[in-house]
Amino acid sequence: MIAPRVALDRMSRGLVALRRAVVTEVEDVNRLLSHVLRAGVLVAVGLIAFAFLLAWSGGGPVPDAAVKFRAIPSELLRLTPAGFLSLGIVVLVLTPVTSVFASLLSFAEERDRPLVFVSGIVLMNLLVSLLLGLG
Amino acid sequence: MTPVEQLVLLAVASFLAGVAGSYLGVGGGIFLVPFMTLVLGVDLQVAIATSLIGVIATSSGAASIYVRDRLANLRLGMFLEIATTAGAIGGAVLAVHLDPRVLFFTFAVVVAYTAVFMSRRRETAKDRAYRAGPEARLSERLALSSIYFDHEDEGVYRYRVDRPMAGFVVSGFAGWLSGLLGIGGGFVKVPAINVIMGVPMKPAIATSNLMIGVTAAASAFIYYSRGFVSPTFAAMVVVGVFTGTNLGTRLLLRAKAERIRFAFAAFLAILAVLMGLRAFDVGVSL
């Protein structure tokens, strides 16, 4: 029979080890995705804030409708608030797509074939909707 | 209402939608669309398009935390995203000829039932843990079952994913709704993952949050190119929601599963009442 204190000690050591295993096992993909998502939102918020600063400093009016995909580059070159605002929104919409792409890459790196296949289908669906949006 | 007041109100509402959305695993479109149409008097299509942007912001903001803390199940999320994105495209492209009242009535019944079910079921540490018995073939093949660390009792839990195909079909339906109504569809996904697939509440919410952004992106492209997104409104929504998710995710990590489950059940109950009213043409827009 083992003393309760020893048992408790063993159990807590087991838990610590398990927790460490959880963290290291899934660390790479999770950290990458977390950064992608965070960065996407931050860049989008930054672009939107910049657009409003431009508008307040007299760079042009805040637009009523979003700029078409194709017109965004020329608006950006002319430094209009409409261009930056639309770019911010497009960056935000593309953030989840980028995260799917990033997961696909990391699954491929781990040679996890079924999951590469699964994320490939998801990415294809997203491309279809992008094409539907453009067309 | 002056335009500035309108924008400030929208930012505050988005903040609340961000808190609730990240805490409940829903995108928040279900709050934002009615708020914009009823309170601010915005066109329905503009409201839907703008709310989709907000849904993506909620999802990305919340998921970045949940993914970092290994609460979201990436593999399960990716598997179900096949269904949600395909459904979203279907909902945005195919016009379905269905009396909306039938839709709302069906919904009210399903949602009310889920609310009762969720409020009555308990989630103790024992329920959370891995249950013995054979795993579904597909879950095993894709290694969907996972582990997570629960801050509530400082425990690491291993859980199993049951009935993957049933969850897949229901997720497809959630995606279809997302394309059709411009919402994230979290109120369908969370019960599907939690009740049907047997995943504990916190990972279910985190995974739903991760999926919502991908689903909403599929429909957002289509709405954006049709010119329905109002940039000014979208800007307010994004900034509000972003601040809100920072609070909501923090709340969820520390919360008791029991309390989240209760909050979710209450949310579903209110939704059921609103949808029921809508089915009988009592003017609540949703």
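This report concerns the structure included in the present document.

About the cut-offs
- Residues numbered from 1 in each chain as written.
- Chains lettered and ligands numbered in written order.
- Predicted model: local features only at pLDDT ≥ 70, side-chain atom pairs only at ≥ 80, totals over all residues.
- Heavy atoms only, no water.
- Core = buried A, V, L, I, M, F, W, Y, C linked by side-chain atoms within 4.5 Å.
- Buried < 20%, exposed > 50% of the residue type's maximum accessible area, 1.4 Å probe, protein only.
- Helix = DSSP H or I, 4+ residues; strand = E, 2+ residues; numbered from the N terminus.
- Pairing = 2+ DSSP bridges.
- Contact = heavy atoms within 4.5 Å.
- Buried area = accessible area lost by both parts, 1.4 Å probe.
- Salt bridge = Lys/Arg side-chain N within 4 Å of Asp/Glu carboxyl O.
- Polar contact = N/O pair within 3.5 Å; in protein donor to acceptor, adjacent residues only side chain to side chain.
- Phe/Tyr/Trp six-rings, centres within 6.5 Å; stacked < 30°, edge-to-face > 60°.
- 1 Å grid on protein atoms, 1.4 Å probe; cavity = no way out; pocket = protein on both sides within 12 Å on 5 of 7 lines; lining within 4 Å.
- Points joined across faces, edges and corners; volume = space filled by probe spheres on them.
- Nonpolar A, V, L, I, M, F, W, Y, C, P; charged D, E, K, R; others polar.

## Describing the nonpolar core
- Leu 76, Phe 187, Phe 264, Phe 267 and Leu 268 of chain B are the most contacted members of the largest nonpolar core, which totals 130 residues.
- Here this core takes 15 residues from helix H10 (residues 201-225) of chain B, the largest share from any one element.

## Let's talk about the pairing of strand S1 (residues 146-150) of chain B
Residue and element names in this part refer to chain B.
- Sheet topology places S1 next to strand S2 (residues 155-159); five bridges connect them, and they run antiparallel. Counterpart to Asp 150 in the pairing with S2 is Gly 155.
- From the end of S1 to the start of S2, which pair antiparallel, there are four residues, and Glu 154 there has a positive phi angle of about 55 degrees.

## Structural notes on the interface of chain A and chain B
- With 54 residues of chain A in contact, the opposing surface of chain B contributes 46 residues.
- Surface buried jointly by chain A and chain B totals about 4500 Å² across both partners, of which 77% is contributed by carbon and sulfur atoms.
- Between chain A and chain B we count one salt bridge in total.
- Here Asp 112 of chain A and Arg 75 of chain B are joined by a salt bridge, their closest N and O atoms 2.7 Å apart.
- In this assembly, chain A and chain B are joined by six residue pairs in polar contact (both at pLDDT 80 or more).
- At the level of elements, helix H1 (4-25), helix H2 (27-56), helix H4 (81-109) and helix H5 (113-134) of chain A are the ones that each hand at least two residues to the side of chain A that touches chain B.

## Quick notes on the packing of aromatic side chains
- Applying the stated criterion to the full structure yields eight aromatic pairs over all chains.
- Measuring from ring centre to ring centre gives 5.9 Å for Phe 52 of chain A and Trp 56 of chain A, while their planes differ by 50 degrees; the resulting arrangement is tilted. Of this pair, Phe 52 of chain A and Trp 56 of chain A both sit in helix H2, four residues apart, roughly one helical turn.
- We classify Trp 56 of chain A as exposed; its relative accessible area is 72%.
- Seen in terms of ring centroids, Tyr 223 of chain B and Phe 228 of chain B are 6.4 Å apart; in terms of plane orientation they differ by 55 degrees. Their pairing is tilted.
- Taking the relative accessible area as the measure of exposure, Tyr 223 of chain B reaches 7% and is therefore buried.
- Under the relative-accessibility criterion, Phe 228 of chain B is labelled partly exposed at 21%.

## Points about the pattern of salt bridges
Residue and element names in this part refer to chain B.
- Tallied over the entire structure, the rule returns four salt bridges over all chains.
- Taking the shortest distance from any N to any O, the salt bridge between Arg 160 and Asp 162 comes out at 3.0 Å.
- Note on Arg 160: relative accessible area 9%, which makes it buried.

## Let's talk about the side chain of Asn 30 of chain A
- One can find Asn 30 of chain A in helix H2.
- A relative accessible area of 4% means that Asn 30 of chain A is categorised as buried.
- Apart from residues lying up to four places away in sequence, Asn 30 of chain A is in contact with Val 67, Arg 70 and Leu 74 of chain B.

## Quick word on empty space enclosed by the protein
- In this structure the tally under the stated criterion is two cavities of 30 Å³ or more.
- Roughly 50 Å³ of internal volume is contained in the largest cavity.
- Lining the largest cavity, in full, are Leu 33, Ser 99, Val 100 and Ser 103 of chain A together with Leu 74, Gly 77, Met 78, Glu 81, Leu 210 and Val 214 of chain B.
- Every element with two or more residues in the lining of the largest cavity is listed here: H4 of chain A together with helix H4 (74-93) and H10 of chain B.
- The residue inventory of the lining of the largest cavity, partitioned by class, reads six nonpolar, three polar and one charged.
- Here the second largest cavity is characterised by a volume of approximately 30 Å³.
- Lining the second largest cavity we find Val 26, Gly 27, Gly 28, Gly 29, Ile 30, Ile 183, Gly 184, Gly 185, Gly 186 and Phe 187 of chain B.
- Of all the secondary structure elements, the ones that give two or more residues to the lining of the second largest cavity are helix H2 (29-39) and helix H9 (186-196) of chain B.
- The residue inventory of the lining of the second largest cavity, partitioned by class, reads four nonpolar, six polar and no charged.

## Considering the environment of Ala 47 of chain B
Residues and elements named next belong to chain B.
- Position of Ala 47 among the secondary structure elements: in helix H3 (residues 44-68).
- Judged by its relative accessible area of 0%, Ala 47 falls in the buried class.
- For Ala 47, the residues in contact, after removing those within four places along its chain, are Val 33, Met 36, Thr 37 and Val 42.

## Some remarks on the environment of Glu 258 of chain B
All names here are of chain B.
- Among the secondary structure elements, Glu 258 is positioned in helix H12 (residues 257-279).
- Glu 258 sits in the partly exposed class, given a relative accessible area of 32%.
- Considered as a pair, Glu 258 and Ser 119 are 139 residues apart in the sequence and their alpha carbons are 8.8 Å apart.
- Other than its neighbours up to four places away in sequence, Glu 258 contacts Arg 122 and Glu 123.

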